[in-house]
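Coordinate inspection notes
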Amino acid sequence: MCGDRPDAARGQPVQRKASEALGGEETGEAAKRRSPWRRLPSRLRVRSVAGQVFLWMLIVVVMLIGAALTALILQARTNSTNGAEQRTRAAAVTLAQVPMVVTALDGADPSATLQPLAEDVRKNGGFDYVVIFSREGTAYTAPNPEEIGTHVVGAYGAAFKGPFTSSFGTPVGRVVDTTAPATRPDGSVAGLVSVGYTVAHTGADVSRQLPVLLGGAAAALAAGTAGALLVRRRLRRQTHGLGPPEMTRMYEHHDAVLHAVREGVLIVDADTRVLLANDEARRLLELPPEVEGRPVAELGLNPGLAELLASGRASTDEVHLAKDRLLAVNNRPTAPFGGGPGSVATIRDTTELRALAGQAEAARARLQLLYDAGLRVGTTLDIVRTAQELADVAVPRFADFATVELADPVLRGDEPPPGTGTAGGPEIRRTAVSGIRDDWPLYPVGSLISFVPATPEGAALESGHASLAADLHRAQAWRARDPENTDRMLAYGIHSLISTPLQARGLILGEVNFWRTGESEPFGEEDVSFAEELVTRAAITVDNARRYTREHRMAETLQRSLLPHGLPQQGALDVAYRYLPAQQGAGGDWFDVIPLPGFRVALVVGDVVGHGLHAAATMGRLRTAVLNFSALDLPPDELIARLDDLVVRLDQGEAAAGEGDDEGERSAVTGATCLYAIYEPVSGHCTMARAGHPPPALVHTDGAVELVDLPAGPPLGVGGLPFETTELQLAPGTALVLYTNGLLETRDRDLDDGLSALHAALTGTRAGGSPEETCRAVFDALVPPRPSDDIALLIASTRLFEPDQVATWDVPDDFAAVSRIRTECADQLTAWGLEELTFTSELILSELITNAIRYGTQPIRVRLLRDTSLVCEVSDGSSTAPHLRYAASTDEGGRGLFLVAQMAERWGTRYTARGKVIWSEQPLITPAHQFEAMLL
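Given the structure is predicted, the values throughout are model-derived calculations rather than measurements.

The subject of this paragraph is the overall build of the protein. Check the secondary structure of the protein and you find 26 helices and 30 strands. For the protein, the proportion of contacts with a sequence separation of at least 24, taken over those separated by at least 6, is 60%. For the protein, the exposed area adds up to about 47600 Å²; of that, 56% sits on carbon and sulfur atoms.

Running from N to C, helix α17 (residues 525-562) and helix α18 (residues 613-631) point in directions that differ by 10°, and their axes come no closer than 8 Å. Between α17 and α18, the angle falls in the class roughly parallel. Here E551, M554, A555, L558, Q559 and L562 of α17 come into contact with α18, specifically with L613, A616, A617, M619, G620 and R623. Here the contact of α17 with α18 is built from residues that sort into eight nonpolar, two polar and two charged.

Attention now goes to the nonpolar core. Membership of the largest hydrophobic core comes to 51 residues, with the highest contact counts inside it found for W590, L603, L643 and Y676. Counting 41 residues, the second largest nonpolar core, distinct from the first, contains L390, L461, L502 and F523.

Compared with an ideal rise of 1.5 Å per residue, which puts 18 residues at 26 Å, helix α24 (residues 838-855) spans 25 Å between its outermost C-alpha atoms and is within 8% of the ideal. Within the span of α24, buried status applies to T838, T840, S841, I844, L845, S846, L848, I849, N851, A852 and I853.

Time to look at a negative patch on the surface. Taken together, the side chains of E745, D750, D752 and D753 make up a negatively charged region of the molecular surface. You can see D752 is positioned in helix α21 (residues 751-763). Exposure remark for D752: the relative accessible area of 55% places this residue in the exposed category.

Attention now moves to the pairing of strand β20 (residues 685-691). Buried residues dominate β20, accounting for six of its seven residues. Bridge count between strand β19 (residues 673-680) and β20: seven bridges; the pairing is antiparallel. Opposite C674, over in β20, you have A691 as the bridge partner. Sheet analysis places β20 next to strand β23 (residues 726-729), joined by four bridges and oriented antiparallel. Each bridged residue has a counterpart across the sheet, and for M688 the counterpart in β23 is T726.

Let us now look at the packing of aromatic side chains. Counted by the stated rule, this structure contains eight aromatic pairs. With centroids separated by 6.1 Å and ring planes inclined at 80°, the aromatic side chains of F127 and Y197 adopt a geometry described as edge-to-face. Taken as a pair, F127 in the loop between α6 (110-125) and β1 (129-133) and Y197 in strand β4 (residues 189-198) lie far apart in primary sequence, 70 residues in all. On the basis of an interplanar angle of 85° and a centroid distance of 5.3 Å, the ring pair of F398 and F514 is categorised as edge-to-face. Of this pair, F398 sits in the loop between α12 (383-394) and β10 (401-407) while F514 sits in strand β15 (residues 507-517); the two residues are 116 residues apart in sequence, bridging distant segments of the chain. The pair formed by F398 and F514 is uniform in burial state, with each residue classed as buried. Taken together, F398, F514, F523 and F530 form an aromatic cluster joined through their ring pairs. For the cation-ring pair, R87 lies above Y197, with the distance from its terminal atom to the ring centre recorded as 4.6 Å. Sitting above the plane of the F398 ring, R516 keeps its charged end 5.6 Å from the centroid.

As a general point, the strands of a sheet are linked pairwise by backbone hydrogen bonds and lie either parallel or antiparallel. The strand order β12-β11-β10-β15-β14-β13 describes an open sheet built from six strands, whose pairing is antiparallel. If you trace the sheet from one side to the other, it starts and ends with β12 (448-449) and β13 (467-469), each paired once. Of the pairings in the sheet, the one linking β10 to strand β11 (residues 428-435) comprises seven bridges and is antiparallel in character. Residue pairing for β11: L406 is matched across the bridge by R429. Strand contacts of helix α14 (residues 456-463): β13, β14 (494-504) and β15, with the helix running at about 150° to β15, the strand carrying the most contacts. Across the sheet, α17 is in contact with β10, β13, β14 and β15; its angle to β14 comes to roughly 40°.

Another aspect to go through is the pattern of salt bridges. Considering all chains together, one arrives at 31 salt bridges under this definition. The residue R474 makes a salt bridge to D471 at a minimum N-O spacing of 3.6 Å. Residue R474 is classed as exposed on the basis of its relative accessible area, which comes to 68%. D471 gets classed as partly exposed once you look at its relative accessible area, which sits at 31%. In this structure, the salt-bridge partner of R600 is D633, at a minimum N-O distance of 2.6 Å. Here R600 is found in strand β18 (residues 600-611), whereas its partner D633 is found in the loop between α18 and α19 (636-657), with 33 residues between them in sequence.

The strand order β26-β27-β28-β30-β29 describes an open sheet built from five strands, whose pairing is antiparallel. A single partner strand is all that each edge strand has here, and the edge strands are β26 (806-811) and β29 (906-912). Strand-to-strand twist across the sheet, computed as the mean angle between neighbouring axes with direction ignored, equals 15°. In this sheet, strand β27 (residues 860-866) lies alongside β26 in antiparallel orientation, the contact comprising six bridges. Across the sheet, A807 pairs through a bridge with L864, a residue of β27. Running over the sheet, helix α23 (residues 817-832) touches β26, β27 and β28 (869-876) and is turned about 175° from β26. Here α24 sits on the sheet and contacts β26, β27, β28 and β30 (915-923); the angle it forms with β28, its principal contact strand, is near 15°.

As a further point, take the state of the cysteines. Here the structure, examined in full by the defined rule, presents zero disulfides. Unpaired in terms of disulfides, C872 finds its nearest cysteine sulfur in C825, a separation of 7.1 Å.

Okay, the environment of E136 next. Examined against the element boundaries, E136 turns out to sit in the loop between β1 and β2 (164-170). Sequence-wise, E136 and G191 are 55 residues apart; in three dimensions their C-alpha atoms are separated by 8.4 Å. If we ignore the near neighbours within four places in the chain, the residues touching E136 are H151 and Y156.

Quick look at unusual backbone geometry now. The omega torsion of the bond from V395 to P396 falls at 0°, within 30 degrees of zero and hence cis. Along the chain, P396 turns up in the loop between α12 and β10. Cis geometry marks the peptide bond from Q858 to P859, where omega comes out at 0°. With respect to the helices, strands and loops of the structure, P859 is situated in the loop between α24 and β27. In the Ramachandran plot, D317 falls in the positive-phi region, its phi being about 50° despite a non-glycine side chain. Structurally, D317 is set in strand β7 (residues 315-322).

With that out of the way, let us pick up the environment of H473. In this structure, H473 sits in the loop between β13 and α15 (476-481). A relative accessible area of 41% means that H473 is categorised as partly exposed. Between the C-alpha atoms of H473 and H495, which are 22 residues apart in sequence, the distance is 6.8 Å.

Attention now moves to the packing of α23 against α24. Packing of α23 against α24 leaves a shortest axis separation of 10 Å and a crossing angle of 145°. The way α23 lies across α24 gives a crossing that is right-handed. On α24, the residues that touch V818, I821, R822, C825, A826 and L829 of α23 are T838, S841, E842, L845, S846, I849, T850 and I853. A class-by-class count of the residues in the contact of α23 with α24 yields eight nonpolar, four polar and two charged.

Right, let's get into the side chain of T765. Take T765: it is sitting in the loop between α21 and α22 (771-782). Residue classification places T765 among the buried positions, given a relative accessible area of 14%. Ignoring any residue separated from it by four or fewer positions in sequence, one finds T765 in contact with T774 and A777.

Let us look at the environment of Y579. Tracing the chain through its elements places Y579 in strand β16 (residues 573-580). The spacing of Y579 and I791 is 212 residues in sequence and 5.7 Å in space, taken between C-alpha atoms. For Y579, the residues in contact, after removing those within four places along its chain, are Q559, L563, D589, F591, D790, I791 and A792. Of note is the side chain of Y579, whose polar atom sits 2.9 Å from the side chain of D790.

The rules we used
- Residues numbered from 1 in each chain as written.
- Predicted model: local features only at pLDDT ≥ 70, side-chain atom pairs only at ≥ 80, totals over all residues.
- Heavy atoms only, no water.
- Helix = DSSP H or I, 4+ residues; strand = E, 2+ residues; numbered from the N terminus.
- Contact = heavy atoms within 4.5 Å.
- Areas by Shrake-Rupley, 256 points an atom, 1.4 Å probe, with all protein chains shown as cover.
- Axes fitted to C-alpha atoms, helices over the stretch in contact; angles between N-to-C directions.
- Parallel < 35°, antiparallel > 145°, perpendicular 65-115°, else oblique.
- Nonpolar A, V, L, I, M, F, W, Y, C, P; charged D, E, K, R; others polar.
- Core = buried A, V, L, I, M, F, W, Y, C linked by side-chain atoms within 4.5 Å.
- Buried < 20%, exposed > 50% of the residue type's maximum accessible area, 1.4 Å probe, protein only.
- Expected span 1.5 Å × (residues − 1).
- Patch = residues over 30% accessible without salt bridge, like charges linked within 9 Å, V, L, I, M, F, W, Y side chains within 5 Å.
- Salt bridge = Lys/Arg side-chain N within 4 Å of Asp/Glu carboxyl O.
- Lys, Arg positive; Asp, Glu negative; His and termini not counted.
- Charge placed at Lys NZ, Arg CZ, Asp CG, Glu CD.
- Pairing = 2+ DSSP bridges.
- Phe/Tyr/Trp six-rings, centres within 6.5 Å; stacked < 30°, edge-to-face > 60°.
- Lys NZ or Arg CZ within 6 Å of the ring centre and 35° of its normal.
- Disulfide = S-S within 2.5 Å.
- Left-handed = near helix turned anticlockwise from the far one by under 90°.
- Polar contact = N/O pair within 3.5 Å; in protein donor to acceptor, adjacent residues only side chain to side chain.

Shown next as structure tokens:
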């Protein structure tokens, strides 16, 4: 530090001289010597703005670099001292904790062990010395071996309490010393370790880095100088080398354009943002105060004017409407005269063209009305609503009242007959009325109207073109048609009429009448062409709605003809159902309740994706297939598998028939789903399977609701995947809820939310309530006002046969047992009061039991079921089915099943998991002359 003072002292006069040269006043020789510094402010004053900025930026860069170097040097000095302290402290503490050091200190010859260790640490660590000495100060190690055994000089008493660091000056520089105690395991001090390090060694490292720092400073100075030069060059380019007088004149001209010129000036940049707008432009365009920097599109200008200003295209005296002014606009690009891309527009108010403003506004309003009509008319495919939308869009922007009359066949979706609405032809019905008031004197909606040829309405229908009656007071034929009504209309104030035929594809669907009343201007010839344009565009929408109505009616008729018209009689289930077609068209949802042999009942729900005739026809085909497959008495999974095979074949056939035809591709059936369940009332056993259909729900007798964990299976037509059956045991009174996804999914509700809503609706029903009540509650909770998909809901409450309705016998493998079983069955029939059926039942059972013993396998069981009819069942463990034969007169056998078929009303075979069941069904009342008919 002492060596720095002369430099610092020498630097003070230099700093003082600089400050006096910049800010002080001196005379004499000193002033002459410092004359370059005194001339600096005058040079700055005569330089350009770019030169001044360059000089000051250069000074700032130099000052920043100097401050950075000074800070780095001071920090290096501080870091040197701190680094020396940390190094000596770490070395002393580490060496003192080495067990070998304590052991050597307590040994006979400590120096022999510690001297090599200390020298090794000193050399490798770059320390000035490493001295290990005893508690009394006797040195055991020293850099100079001759000093071993001498007494260590210095105050080291503080080191007995822990590591102690101190520093002191030497001829070679300041030395940092750290002394640490070497303690025994019991905590006593065996000796001390002292490590010294010269701070100047660390400073040497900083000195070696100084060239790098100076080089970086030089690079920073060069970069700062280059940046200052670039800034100077850019400023010179932006000011174009103008001096203060020229720039003053430029700003004066700018103010004159802004405030004095009486023609609007608007400058827009390439990003369509306003750069400048003078007072006249603000007045003419009614611009907001803070307009600079805002996009043209946000200024609320007329769309045409905004497009012109934003586009930057050149224009000359282009007329645009701004509020109540017609403005002539000249637009020119600013490049290359005014810098970068952009445009400058001059605007003037053209009062001589204001007479055209009304016509332009009327034309604009009519174009807007046609545009709005395209958006508002035909929002749905409902023909009545479309007619009302047509009447509403014309009022009040074109007419005060508007009426739409359509032929009755059109309302039903059919084509109108020739001569519709004309004299002697079919009448047309008023379908829609709209007006500025509700107390109109016109014929009400639903009225049938026939027009006289001489009236405007009749003339329009006869000619196929719009007809004008500018003054109804002079329309004698119109007044004579219905004097009482026309007088009431004239008294109301209606004075002008345009009648326009509503025609599409050469068919006159009806007529549209426009009326004006009160102070409204009478219709003119220019209004006639507009009325025809408006009605012609709307007629296409009306005809589309008519054709959709026809297709919807046909599809709905087909669909309802294919759905069940009532529920079959059966005693196993108490069933209620609901069916609601979609608003936009008939779909492919269906349901069925199918009685099966043995008083079992099959429940079916299905859904064909899509709407229209194809979906309804496909639904009919699938429903018929399910009915046919159920006649085979198949288990649910096998029936679904056969239905899936059928759909695959249908898809392949239709794809082949429609190859290369989009319509053929759209007719694929894939997407249909189905759920099939069989309930047996004797045991309460229910089996079910599904193909991609939503799972059924169960409502138990205690009110608990659960969804059946039934494997979903793929939709019909996918093929290649098996279907699984789930078996349930249902208590009497359990409600089985089957439905289609139209009940759950709506535009605002997904499947999960629909299942939650269904669960809540079923939970809220009265425990033990009837299926009819449950159907009503579910429909009220889940069905939207205008469903977008068909909805089918089928709810069946289970019943269970009483024990006295069932009789069962096990049959041994012995023909002698046939007589015993026959006798016991006869006794059971007598107990049931069915003595009339004893003979036929004994005959049927004898044949079926004999066949089971002869051709079947054990176990063999006989079961009699009594409900609405008598069912005899004989089951065995064989899967071989008997066949009905017509025996010849010489055959000794083969007539058993023939007799069964003649005696029973129905008979058949069904297979089970353990064999087969042959059953027969007889009415409880024996038909008269049954046996005589058999003999014939």
